[in-house]
Amino acid sequence: MNEKPEKLIDKKGLRLDGRKIDELRPLKLEVGVLPNADGSAYVEHGKNKILVGVFGPREMHPKHLSMADRMVIRCRYHMASFSVPERKSPAPSRREVELGKVIRESLEPSVFNDLYPRTGVDVFIEVLQADGGTRCASITAASLALADAGIPMRDLVVACAAGKVDDQVVLDLMDEEDKLGVADVPVAYMPSLNAITLLQMDGILAPEELEKAVNMAMDGCKKIYAMQKEALKTKYMTVKEVEE
Amino acid sequence: MSSLITRVRKLQIAQTIEKGTRLDGRGLMDTREIKIEQGLIQKAEGSARILLGKTQVVVGVKIQAGEPFPDTPNEGVQTVNAELVPLASPTFEPGPPDENSIELARIVDRGIRESKAIDTAKLCIEPGKKVFVVFIDVYVLNHDGNLIDAAALAAMAALLNTKMPNYEIEEGEVKIKQGYTPLPLKSHPITVTIGKISNTLIVDPMLEEEQVMDARISMAINEEGNICAIQKGGSGYFTPQQIVEASKIAQEKAAELRKKLDW
């Protein structure tokens, strides 16, 4: 990053990639992409490319981690070594461990986990290419994969970030805006229940700006929510040819 | 951090909170008594111990010369590590850091980093080659809930107590000289954690309340009353209104604590 752009938003109010302040990056969602997984989803959000596989509900290994009254969700967030400009060591970093935890906690409120006591479900997230906002795109895809696995859910969880770039609150930060901007606020949301299941922030925001950013992120979430439902329907609407 | 709690106890905690009070007699917005002791570890460049009710955390700060990150060649490095020492709780086990201790370390780190508490520009020795690395190590010695606030406070108290070694450069080598100067600080963030139990918000949850609560949200607040870091945790959710309410509570509690501590 030698040439730092002086301004991330130009005079016309357009961002580095030509988007408006409250515009999402192009989004593509696909459900049922992995033959071996019980549920799976693939998301392309801007340059993010993320694959999620769900296995379970199945017997917990190791057994002592199982819970007598509910299904345990485990979540592994992992970035491929080639997903970022400088090669990332494939060993799990502290950041990945933390993200695995917050993503799991963002999905847990959506799942009827008391229906499958003593079992476990594994959510494996593989970031193939990262471009800012991977945790949000991961949550959006992971929730679809859980639904694809047939796990009873209260609602889909959908996530989107807002933040502050230069001196404006903007929607869906990409990599450059995330790194050079003032603040980043990822939000995960269940629209039908009006429930926020993930909220993080780094940077500096006044309380009013935070409120504005959260509201903007929730609006973004609602748009993605419609696409999520469409993606789920698409899988079951298209009749695949069965190999005899 | 799961240990068993009976259903009766759960119900009791929730019902007391619905009545606007807590099991230990506190109001919903009352923090437990805070005691801070600074400079207890003489061999560390900075240290502090905090007692937040029965929760006890020690933070030691060590400063050593090291390499800067390639993208910030003129800035010192800050690293935070947290140890959930097995003697602090029957549920802590020896071994490599688990996700709870990693999350704790990263929340403390983010509060200090994003508020730009440490003036890292003043920690550069030789641009691109040598800078000071500030190691902030959090040791939890007794776990009775709200480790996040206790650890963040102790870390800040330890930084305020930290002395930088004087140095000179001889043939490219850093030589430590006699005497110290205080660590350059620009801000003093205070982190406030708010728990949600049966749709009611409380501050400074103690251990039993943590076992019952649906979710928590932690906010680091700086001198201007701005928010520098947020982390939601726990497997429940917040409504958008509750987030706004929590941010107001965090502002008030941080201002109150700031006045008390004179930070």
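This report concerns the structure included in the present document. (Residues numbered from 1 in each chain as written. Chains lettered and ligands numbered in written order. Predicted model: local features only at pLDDT ≥ 70, side-chain atom pairs only at ≥ 80, totals over all residues. Heavy atoms only, no water.)

This part takes up the overall build of chain B. Helix and strand counts for chain B stand at five helices and 12 strands. In summary, chain B has a C-alpha radius of gyration of 20 Å against a globular reference of 18 Å for 263 residues, a match within 12%. The dimensions of chain B, computed from C-alpha atoms along their principal axes, are 70 × 40 × 30 Å. Scored against the burial criterion, the 263 residues of chain B give a buried share of 54%. Excluding contacts between residues fewer than 6 apart, the proportion of contacts in chain B whose partners are at least 24 apart in sequence is 67%. Carbon and sulfur atoms make up 50% of the accessible area of chain B, which amounts to about 12200 Å² in all. On chain B, the mean spot of the 31 positive side-chain charges and the mean spot of the 36 negative ones are 3 Å from each other. (Helix = DSSP H or I, 4+ residues; strand = E, 2+ residues; numbered from the N terminus. Rg over C-alpha atoms; globule rule 2.2 N^0.38 Å. Buried < 20%, exposed > 50% of the residue type's maximum accessible area, 1.4 Å probe, protein only. Contact = heavy atoms within 4.5 Å. Areas by Shrake-Rupley, 256 points an atom, 1.4 Å probe, with all protein chains shown as cover. Lys, Arg positive; Asp, Glu negative; His and termini not counted. Charge placed at Lys NZ, Arg CZ, Asp CG, Glu CD.)

What follows deals with the packing of helix α1 (residues 94–107) of chain A against helix α2 (residues 134–148) of chain A. Residues and elements named next belong to chain A. The contact between α1 and α2 brings their axes to 10 Å, and the two run at 45°. Classified by the angle their axes make, α1 and α2 are oblique. Of the two possible hands of crossing, α1 and α2 adopt the one that is right-handed. Residues Arg-95, Leu-99, Ile-103, Ser-106 and Leu-107 of α1 form the contact with α2, whose own contacting residues are Thr-134, Arg-135, Ser-138, Ile-139, Ala-142, Ser-143 and Leu-146. Here the residues of the contact of α1 with α2 sort into six nonpolar, four polar and two charged. (Axes fitted to C-alpha atoms, helices over the stretch in contact; angles between N-to-C directions. Parallel < 35°, antiparallel > 145°, perpendicular 65-115°, else oblique. Left-handed = near helix turned anticlockwise from the far one by under 90°. Nonpolar A, V, L, I, M, F, W, Y, C, P; charged D, E, K, R; others polar.)

The subject of this paragraph is the packing of aromatic side chains. Residue and element names in this part refer to chain B. With the rule as written, the count across this model stands at two aromatic pairs over all chains. Between Phe-132 and Tyr-167, the ring centres sit 5.2 Å apart and the planes meet at 75°, which makes this aromatic pair edge-to-face. In this pair, Phe-132 is assigned in strand β6 (residues 130–142) and Tyr-167 in strand β7 (residues 163–170), connecting sequence segments 35 residues apart. Here the basic side chain of Lys-196 rests over the ring of Phe-238, its NZ or CZ set 5.8 Å away from the ring centre. (Phe/Tyr/Trp six-rings, centres within 6.5 Å; stacked < 30°, edge-to-face > 60°. Lys NZ or Arg CZ within 6 Å of the ring centre and 35° of its normal.)

Residues and elements named next belong to chain A. The omega angle of the peptide bond from Gly-56 to Pro-57 is 5°, so this bond is cis rather than trans. Position of Pro-57 relative to the elements: it lies in strand β3 (residues 48–59). One non-glycine residue, Arg-118, lies in the positive phi region at around 70°. When you line up the elements, Arg-118 lands in the loop between α1 and β5 (119–129). Exposure remark for Arg-118: the relative accessible area of 55% places this residue in the exposed category.

Turning our eyes to something else, we now look at helix α1 (residues 7–18) of chain B. All names here are of chain B. Compared with an ideal rise of 1.5 Å per residue, which puts 12 residues at 16 Å, α1 spans 16 Å between its outermost C-alpha atoms and is within 8% of the ideal. The complete set of buried residues in α1 reads Ile-13, Ala-14, Thr-16 and Ile-17. Considered in projection along α1, the buried side chains sweep an arc of 165° and stay on one side of the axis. Relative to its buried face, α1 has exposed residues pointing more than 90 degrees away, namely Arg-7, Val-8, Leu-11 and Glu-18. Where the residues of α1 are buried, they touch β9 (190–197), β10 (200–203) and α4 (207–212). In the segment just after α1, Gly-20 is the residue with positive phi, at about 90°. (Expected span 1.5 Å × (residues − 1). Arc of directions from axis to C-beta.)

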